[in-house]
Amino acid sequence: MRKPIIAGNWKMNKTIKEALEFAEAVKGNTCPDKAEAVICAPFTLLKDLKEATKGTDIKIGAQNMHFEESGAFTGEVSPLMLKELDIDYVVIGHSERREYFNETDETVNKKVLKALEVGIDPILCCGETLEEREADKTKDVVKVQVEEGLKNVAKEDLAKVVIAYEPIWAIGTGKTATAEQANDVIAYIREVVKGLYGELAEEVRIQYGGSVKPANVSEIMAQSDIDGALVGGASLKAEDYLALLNF
Ligand SMILES: O=C[C@H](O)COP(=O)(O)O
């Protein structure tokens, strides 16, 4: 049985003060029996959030990392630096990173492998543009992203990987894929993982992301193949985040 995972992706939002207020508001109000609660925050907030959520069921994730452990990479943060903070998850290959920061399937794969090596669970993102959807290429696009992203992941590590399917046209636009559209692609992604790993694919959690909010989360979570959500805008308010966890 796969445990649902609801991850907030704060993107480039919140000061330390705001993050701590949020942590205070959500602590003790999550639904640990229902879903795993994750907050993926900017680097500057990670240490404080880890401390503020100590002893709770809330897991903390980063939104990116470099694939090298150290070196001359100005402005980057290494996997070992995240591990030192005991970070639980790291989002890898979000479409905003692919679009604005030149992430490729190759760098995404290097990061997935490195995260697993240091003991941080990767949330591997994939998803098509509107143009690709309209050209009926959605499945071809996600197949390549998933196969390349998982390249050389050992079968013992597979269940630690969370896959997030986020159609780019649904991110921050208010346009949600219909729950059926999301479920259809997510079921297909599981078939792709099955093609690589056989029945072990049943252990991988696959989230949907793209304009998920309290008003639509229950319909999305009721789908047969959707194991959670990666939520941007609606994860910024404590009240909404708690409503998402209580889908
Ligand atoms: O990582 C989260 C996704 O990009 C979705 O963002 P959104 O919920 O603001 O559409």
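Residues numbered from 1 in each chain as written. Predicted model: local features only at pLDDT ≥ 70, side-chain atom pairs only at ≥ 80, totals over all residues. Heavy atoms only, no water.

By the naming in an unreviewed UniProt entry, the protein chain goes by Triosephosphate isomerase and is assigned to Peptacetobacter hominis. One UniProt comment on the protein chain, placed under Subunit (unreviewed entry), says "Homodimer." For the record of the protein chain, the UniProt heading Sequence similarities (unreviewed entry) holds the text "Belongs to the triosephosphate isomerase family." (UniProt positions renumbered as here; feature names shortened; annotations may be inferred.)

Participant: Honestly, helix H10 (residues 238-245) in this entry has me stumped. Any pointers?
Facilitator: Along an α-helix, a turn takes 3.6 residues, which lines up residues three or four apart on a common side. Buried residues of H10: Ala238, Tyr241, Leu242, Leu244 and Leu245, and no others. Down the axis, H10 shows its buried residues gathered within 155° of arc, on one side only. Looking at the buried side of H10, the elements it contacts are strand E1 (5-9), helix H1 (16-26), strand E2 (36-40), helix H9 (214-221) and strand E8 (228-231). (Buried < 20%, exposed > 50% of the residue type's maximum accessible area, 1.4 Å probe, protein only. Helix = DSSP H or I, 4+ residues; strand = E, 2+ residues; numbered from the N terminus. Arc of directions from axis to C-beta. Contact = heavy atoms within 4.5 Å.)

Participant: Where do I start with the pattern of salt bridges in this structure?
Facilitator: As a working rule, side chains carrying opposite charge can pair if their charged atoms are close by. The full count for this structure, using the stated rule, is 22 salt bridges. In this structure, the salt-bridge partner of Lys47 is Glu51, at a minimum N-O distance of 3.4 Å. Linking Lys47 with Glu51, this pair stays in helix H2 (residues 43-52), spanning four residues, or about one helical turn. A salt bridge links Lys160 to Asp157, with the nearest nitrogen and oxygen atoms 2.8 Å apart. Residue class for Lys160 comes out partly exposed when judged on its relative accessible area of 36%. (Salt bridge = Lys/Arg side-chain N within 4 Å of Asp/Glu carboxyl O.)

Participant: Can you walk me through the nonpolar core in this structure?
Facilitator: What tends to happen in soluble globular proteins is that the nonpolar side chains get buried as a cluster. One finds Leu150, Ile163, Ile189, Val193 and Tyr208 to be the most contacted residues of the largest nonpolar core, which totals 66 residues. A per-element tally of this core places helix H8 (residues 179-197) first, with seven residues. The contacts of Val193, once residues within four sequence positions are left out, are Val146, Leu150, Leu158, Ile163, Gly198, Ala201 and Val204. Grouped together as the second largest cluster of nonpolar side chains are eleven residues, Ile5, Val38, Cys125 and Ala164 included. (Core = buried A, V, L, I, M, F, W, Y, C linked by side-chain atoms within 4.5 Å.)

Participant: Help me understand the UniProt feature "active site" (unreviewed entry) in the protein chain in this model?
Facilitator: Feature annotation in UniProt assigns "active site" (unreviewed entry) to the following positions: His94 and Glu166. What stands out for the annotated residues spanning 73 residues is how close their C-alpha atoms remain, the widest pair being 8.5 Å apart. Considering only the residues just annotated, the largest cavity is lined by His94 and Glu166. Residues contacting His94, with those up to four places away along its chain left out, are Asn9, Lys11, Cys125, Glu166 and Ile171. Looking at the secondary structure, you find Glu166 in the loop between strand E6 (162-165) and H8. The class of Glu166 is buried, set by a relative accessible area of 5%. Excluding residues within four positions of it along the chain, Glu166 makes contact with His94, Cys125, Cys126, Gly127, Glu128, Ile171, Gly209, Gly210 and Leu230. (1 Å grid on protein atoms, 1.4 Å probe; cavity = no way out; pocket = protein on both sides within 12 Å on 5 of 7 lines; lining within 4 Å.)

Participant: What exactly am I supposed to notice about the packing of aromatic side chains here?
Facilitator: In this description, a pair of aromatic rings is defined by centroid distance and the angle of the planes. Here the structure, examined in full by the defined rule, presents four aromatic pairs. Judged by centre distance (6.5 Å) and plane angle (90°), the ring pair of Tyr100 and Phe101 falls under edge-to-face. Measuring from centroid to centroid gives 6.4 Å for Tyr165 and Tyr208, while their planes differ by 55°, and the two rings are tilted. Of this pair, Tyr165 sits in strand E6 while Tyr208 sits in strand E7 (residues 205-209), and the two are 43 residues apart along the sequence. Like Tyr165, the residue Tyr208 is buried in the burial classification. An aromatic cluster of three or more residues is present, and its members are Trp10, Phe22 and Tyr241. Above the ring of Trp10, the side-chain terminus of Lys14 is found at 5.1 Å from the ring centroid. When the ring centre of Phe101 is taken as reference, the NZ or CZ atom of Arg97 above it lies at 4.2 Å. (Phe/Tyr/Trp six-rings, centres within 6.5 Å; stacked < 30°, edge-to-face > 60°. Lys NZ or Arg CZ within 6 Å of the ring centre and 35° of its normal.)

Participant: So what exactly am I meant to see when it comes to empty space enclosed by the protein here?
Facilitator: One way to see where empty space is left: roll a probe the size of a water molecule over the atoms. By the definition in use, this model includes one cavity of 30 Å³ or more. What the largest cavity holds in volume is close to 40 Å³. Lining the largest cavity we find Gly93, His94, Ser95, Arg98, Cys125, Cys126, Gly127, Gln145, Glu166 and Ile171. Residue assignment for the lining of the largest cavity shows that the elements contributing at least two residues are helix H4 (95-100) and strand E5 (121-126). Looking at the lining of the largest cavity residue by residue, the class counts come to three nonpolar, five polar and two charged. (Points joined across faces, edges and corners; volume = space filled by probe spheres on them. Nonpolar A, V, L, I, M, F, W, Y, C, P; charged D, E, K, R; others polar.)

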